[in-house]
Amino acid sequence: MTNVEIAAVLAKIADLLEILNENPFKVRSFRRAVETVSGLAEEATELVAEGRLVGLPGIGKSIAEVITELVRDGRTAHLDDLLEKVPESLLEMLRVPGFGPRKASVVYEQLGLTTLDELEAAARAGQLRQLPGFGAKTEQKILEGIELVRAGQDRWLLGEALPLAEEFVARLRAHPEVLAAEMGGSTRRRRETVGDLDLLATSNDPAAVCAWFAREGGLATVEMAGDTKVSGRTERGLQVDLRVVKPESFGALVNYFTGSKEHNIRLRERAQRMELTLNEYGLYRGIAEDKGDQVAGENEEGIYAALGLPLIPPELREDRGEIEAAEAGRLPHLLTDADMRCDLHMHTNASDGQLPLAEMVAAAREYGYSHIGITDHSASLYVANGLDRDRLWAEIQAIRELNAELGDFTVLAGIEADILSDGTLDIPEDLWPELDFVIASIHQGFSQDADRMTARVLKAITSDRMDVLGHPTGRLVLERPPYGLHLDDVLDAAREHDVAMEVSSSPHRLDLNDAHCRLAVERGVKLCINTDAHGPKELALLRYGVMTARRGWVEAPSVINTWPLPKLRQWLGQRRRA
DNA sequence: GCCGTTTTCGGCCCGACTGTTTTCAGTCG
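Residues numbered from 1 in each chain as written. Chains lettered and ligands numbered in written order. Predicted model: local features only at pLDDT ≥ 70, side-chain atom pairs only at ≥ 80, totals over all residues. Heavy atoms only, no water.

(A) Layout of helix H12 (residues 250-258). Summarising burial for H12: 8 of the 9 residues are buried, a large majority. By the burial criterion, the buried members of H12 are Phe-250, Gly-251, Ala-252, Leu-253, Val-254, Asn-255, Phe-257 and Thr-258. Immediately downstream of H12, the backbone of Gly-259 shows phi near 70°, a positive value. (Buried < 20%, exposed > 50% of the residue type's maximum accessible area, 1.4 Å probe, protein only. Helix = DSSP H or I, 4+ residues; strand = E, 2+ residues; numbered from the N terminus.)

Here's what the structure looks like:
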């Protein structure tokens, strides 16, 4: 059973416990475990085998037993018992905004409703308004909510949401009454998908800013426009919430809305132990009703400082050990965009790219790199017009000629070689010494089982003819799960043979993902962050790979793109001299 | 169910909004 499947079961248990009105702290425990398992880079199967489950954040004896059962039998008695009391189909109702576990419990107990369809029918028939705690308005909101669920637009790619958020923030900052503006939520934490945009601003006249934003802030529809809050949707239906507060609370607001929720809870618990209270308006002396003077709140640094912590970068705020690290002064010095000296994976129209070599190189040069790598597809990828031996040799020579003209900019001659079904690399033997580097990727035979897929990749790595494993897990965000691969084994081999793992920066890929980046670096494996650009516009996407690596606690030295060219050449040369 | 710089038992974050309500439960972030 995969970690994703285990996390789904734990989430299901949490939902069912909530519907059954169980102890809320028990529910919270399961939710915490969902986060922990989702963030695991290692397979839970391995942790179970080695007895390392207990002790992970939020995983005690009971939940460890549930996970062990799942790994061993593919099912758990805990879930089975709950499903005897509540039908599973009831859970789909929880996706309806404003419709939570208590209401689900009521419609099930009193009307016997078990599915979204039945809920919709009952709402249309006016049957819900007679239930306790329900009214005509609730009924109407439920119908609207079901519509949204059916439309299916609840998660957006970071690559779609972030540019929109940046535009909104820029527009806010340009307004004369706005003193400062920032984005919050999972967009600011750079999660790979986001549900909505949170925009935060400060002004001495919040009402004026809200009124202006509702009118001409760029929303297609406005659902609510108050003196401190505006919410609506963009043309494509993405939910946007703006909140505006006075300056003394801005840092607290940004901190609060940046989350994650679990990180916030940890901060508030910490505040409480220090006899302070943290809320979205500030950090105050005293606790609960006795809270007094504001200690901090104008900016985030001040809040963290008052809690005895350095500022924690938003990308790390997931309660994955960042508070402990901050406390111990061991926060990572995260990789930045400015550290990136090159992009080592891009295509020209020799294979399936848009531009000829010289134009693609010119486009990449605009990004201020000192060097880049050109990596067209290898011969076996017919659909992408992969290069056969003669065309590859021609490209290598063209790159050499180009370098002679370029002066202080260098183009490395690479290839994106297919890892064939039997694990051999699709590279003409006599041209391997002529290539500066090799990215090897899987493009076909996705359906092989995990053992075969792993054996295939291990054979490629141990051939010592490749430098980087391209988009290692093959997943597409929101579209396609990763192919089965025992990543632990792959990482071990990669360290031994000094092969880097690619972080493919396309918002559709982000492969490796954040948790895998963290595991790879912890295992001593190097990363290579690339765009895999097929045209000039995609060259701009490198920052998404950097964001993913930052979420994986990655520091610049682990990323070969940050090395000066001589160091990179030396590393690549070791394999070739061996 | 988890967890420990007062704890192996007794705590467990904080506030706003909404709708249904004459004082509050449910939902959300």
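(B) Summary view of the sheet that holds strand S8 (residues 276-279). Strand order in the open sheet formed by 3 strands is S8-S9-S10, with antiparallel pairing between adjacent strands. Of all the strands in the sheet, just S8 and strand S10 (294-296) have a single pairing partner and so form its edges. Each strand of the sheet is rotated relative to its neighbour by a mean of 35°, with strand direction disregarded. Pairing of strand S9 (residues 282-285) with S10 involves 2 bridges; the strand directions are antiparallel. Bridge pairing in S10 places Leu-283 opposite Ala-296. Contacting S8 and S9, helix H13 (residues 261-273) crosses the sheet at an angle of about 155° to S8. (Pairing = 2+ DSSP bridges. Axes fitted to C-alpha atoms, helices over the stretch in contact; angles between N-to-C directions. Contact = heavy atoms within 4.5 Å.)

(C) Focus on the sheet that holds strand S6 (residues 229-233). A sheet is described by the order of its strands in space; here 5 strands give the open sequence S2-S4-S7-S6-S5, paired in mixed fashion. The strands lining the two open edges of the sheet, one partner per strand, are strand S2 (180-183) and strand S5 (221-225). Strand-to-strand twist in this sheet, taken as the mean axis angle between neighbours without regard to direction, amounts to 20°. Note that S6 and strand S7 (residues 239-245) share 5 bridges and pair antiparallel. Looking at S7, one finds that Gly-232 is bridged to Val-240. Here helix H11 (residues 206-216) sits on the sheet in contact with strand S4 (197-202), S5, S6 and S7, set at roughly 160° to S7. In the packing of H12 onto the sheet, the strands contacted are S2, S4 and S7, and the crossing angle to S4 comes to about 175°.

(D) How the structure looks around the side chain of His-347. You can see His-347 is positioned in the loop between strand S11 (342-343) and helix H16 (357-365). A distance of 2.9 Å separates a polar atom in the side chain of His-347 from a polar atom in the side chain of Asp-532. Among residues more than four places away in sequence, those in contact with His-347 are Asp-352, Gly-353, Met-360, Thr-375, Asp-376, His-377, Glu-416, Asp-532, Ala-533 and His-534. (Polar contact = N/O pair within 3.5 Å; in protein donor to acceptor, adjacent residues only side chain to side chain.)

(E) View of the packing of aromatic side chains. Tallied over the full model, the rule gives 5 aromatic pairs. Ring centres 5.9 Å apart and planes at 55° place the aromatic pair Phe-168 and Phe-213 in the tilted group. Of this pair, Phe-168 sits in helix H9 (residues 158-173) while Phe-213 sits in helix H11; the two residues are 45 residues apart in sequence, bridging distant segments of the chain. Given a relative accessible area of 1%, Phe-213 falls into the buried group. Look at Tyr-367 and Tyr-369: their rings are 6.0 Å apart centre to centre, the planes differ by 15°, and that puts the pair in the stacked class. On the accessibility criterion, Tyr-369 (10% relative accessible area) is buried. Chaining the aromatic ring pairs together yields one cluster made of Phe-168, Trp-212 and Phe-213. The residue whose ring lies beneath Arg-465 is Trp-432, and the NZ or CZ to ring-centre distance is 4.2 Å. The side chain of Arg-518 reaches across the aromatic face of Trp-553, ending 3.9 Å from its centre. (Phe/Tyr/Trp six-rings, centres within 6.5 Å; stacked < 30°, edge-to-face > 60°. Lys NZ or Arg CZ within 6 Å of the ring centre and 35° of its normal.)

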